[in-house]
Amino acid sequence: NVHMKDNVFYDFRPVGIAVDYSKNITLDGNVLMRVLERTSIEADGMFEDKRGGFAICSYFSSRCSDLKIMNNIATGVTFAGFIVPGDSCGTSNYGAFYNNVAHSNAGTLGGYGALIYPLPGSDQSSCYEGSHFAAYKNYYMGAWGFFASKEVRFHHMTMIDNREGFGSSIEVNGDAMYDGSTIMLNDNYIYGETEVTDCPDD
């Protein structure tokens, strides 16, 4: 069991919070800031280090269950603020990944607010979804997925001033498949460059 609530995590390398091989996971109201790439590894350009902010059941690609990743903030993170599983399609009480915010994330070959993937060993291999998420000022996409599933649904998200907006692709047997696959983007708010400030008026 993992339960973390209302904590502030600052200055990590190369992963902020990693949860694997766990059941009954609750991360609620945590703030994660400044997760940097490692400088202690010397390798050629073919090596890509594992890195990111909230790495939920993704660092070792392990199986997890009973997830509640909600009300968290990830900022100033290398690669991706959140690397998290989504919800099963048609779930009425969202909660695996709900009401989180990612902003100002960058890094080598990265800069995503959230990478949302289908939970291994579940019905999400046929359809999974991500929802109720906000991302702004990320170097690449606010939310993205390129994972094996027949259908992806992203809805009720707010994207502001991300370099490449947001979206999803589908991977089947290592290849992008468009025929017979479905990507649904519904009920989202997407803004380009705006005069939004990072600080309140006072």
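Residues numbered from 1 in each chain as written. Predicted model: local features only at pLDDT ≥ 70, side-chain atom pairs only at ≥ 80, totals over all residues. Heavy atoms only, no water.

S.K.: Describe the overall build of the protein chain, naming the residues involved and giving the relevant values.
M.R.: The number of helices and strands found in the protein chain is zero helices and 21 strands. The buried share of the protein chain, reckoned over its 202 residues, is 44%. When contacts within the protein chain are restricted to residue pairs at least 6 apart in sequence, long-range pairs at least 24 apart make up 70% of them. Entry remark: accessible area of the protein chain is about 10600 Å², with carbon and sulfur atoms responsible for 50%. (Helix = DSSP H or I, 4+ residues; strand = E, 2+ residues; numbered from the N terminus. Buried < 20%, exposed > 50% of the residue type's maximum accessible area, 1.4 Å probe, protein only. Contact = heavy atoms within 4.5 Å. Areas by Shrake-Rupley, 256 points an atom, 1.4 Å probe, with all protein chains shown as cover.)

S.K.: Give me the state of the cysteines: which residues, what numbers.
M.R.: Overall, the coordinates contain two disulfides when judged by the stated rule. Across the disulfide, C57 is cross-linked to C64 (sulfur-sulfur distance 2.0 Å). Looking down the S-S bond of the C57 and C64 bridge, the torsion is -115°, so its handedness is left-handed. Considered together, C57 and C64 belong to a single accessibility category, that of buried residues. The connectivity of the disulfide-linked cysteines in the protein chain, indexed sequentially, is 1-2, 3-4. (Disulfide = S-S within 2.5 Å.)

S.K.: Residues and numbers for unusual backbone geometry, please.
M.R.: Among all residues except glycine, the phi angle is most often negative; among peptide bonds, the trans geometry is most common. Of note, the amide linkage connecting R13 to P14 takes the cis form, showing an omega dihedral of -20°. Counting through the fold element by element, P14 comes out in the loop between strand 2 (8-12) and strand 3 (15-19). The backbone phi angle of R34 is positive, close to 60°, even though this residue is not glycine. Secondary-structure assignment places R34 in strand 5 (residues 31-35). With a relative accessible area of 34%, R34 lands in the partly exposed category.

S.K.: I'd like a description of the sheet that holds strand 1 (residues 2-5), backed by residues and values.
M.R.: Spatial ordering of the open sheet is given by 1-4-7-11, a layout of four strands whose pairing is parallel. Each having just a single partner strand, strand 1 and strand 11 (97-98) make up the two edges of the open sheet. In this structure, strand 7 (residues 65-70) lies alongside strand 11, joined through two bridges in parallel fashion. Residue pairing for strand 11: M70 is matched across the bridge by Y98. (Pairing = 2+ DSSP bridges.)

S.K.: How would you summarise the pattern of salt bridges if you had to cite specific residues and measurements?
M.R.: Oppositely charged side chains may form a pair once their charged atoms are brought near each other. Taken as a whole and assessed by the stated rule, the structure comprises five salt bridges. Notably, a salt bridge pairs D11 with R34, separated by 2.6 Å at the nearest N-O pair. Here the residue D11 occupies a position in strand 2, and R34 occupies one in strand 5, the gap between them amounting to 23 residues. R153 serves as the salt-bridge partner of E129, at 3.9 Å between the closest nitrogen and oxygen. Pair noted here: E129 is in strand 14 (residues 128-136) and R153 is in strand 17 (residues 151-160), with a separation of 24 residues, a long-range link. Beyond isolated ion pairs, a larger network of salt bridges with shared partners links K5, D6 and D28. (Salt bridge = Lys/Arg side-chain N within 4 Å of Asp/Glu carboxyl O.)

S.K.: Explain the sheet that holds strand 13 (residues 112-117) residue by residue, including any values.
M.R.: Strand pairing in a sheet is mediated by backbone hydrogen bonds. Such pairs are either parallel or antiparallel. Strand order in the open sheet formed by five strands is 3-6-9-13-15, and the pairing between neighbours is parallel. The open sheet terminates on both sides in strands that have one partner only, identified here as strand 3 and strand 15 (143-144). Two elements, strand 3 and strand 6 (residues 52-56), share four bridges in a ladder whose sense is parallel. Directly across from V19, in strand 6, lies its bridge partner I56.

S.K.: Would you mind going over the nonpolar core in detail, with residue names and values included?
M.R.: Grouped burial of nonpolar side chains is what soluble globular proteins tend to show. In terms of nonpolar packing, the biggest core is built from 41 residues, with I25, I56, F82 and F133 touching the most fellow members. If one sorts the elements of this core by residue count, strand 13 sits on top with five residues. Residues within four places of I56 in sequence aside, it is in contact with V19, L27, L67, I69, I83, V84, P85 and Y117. (Core = buried A, V, L, I, M, F, W, Y, C linked by side-chain atoms within 4.5 Å.)

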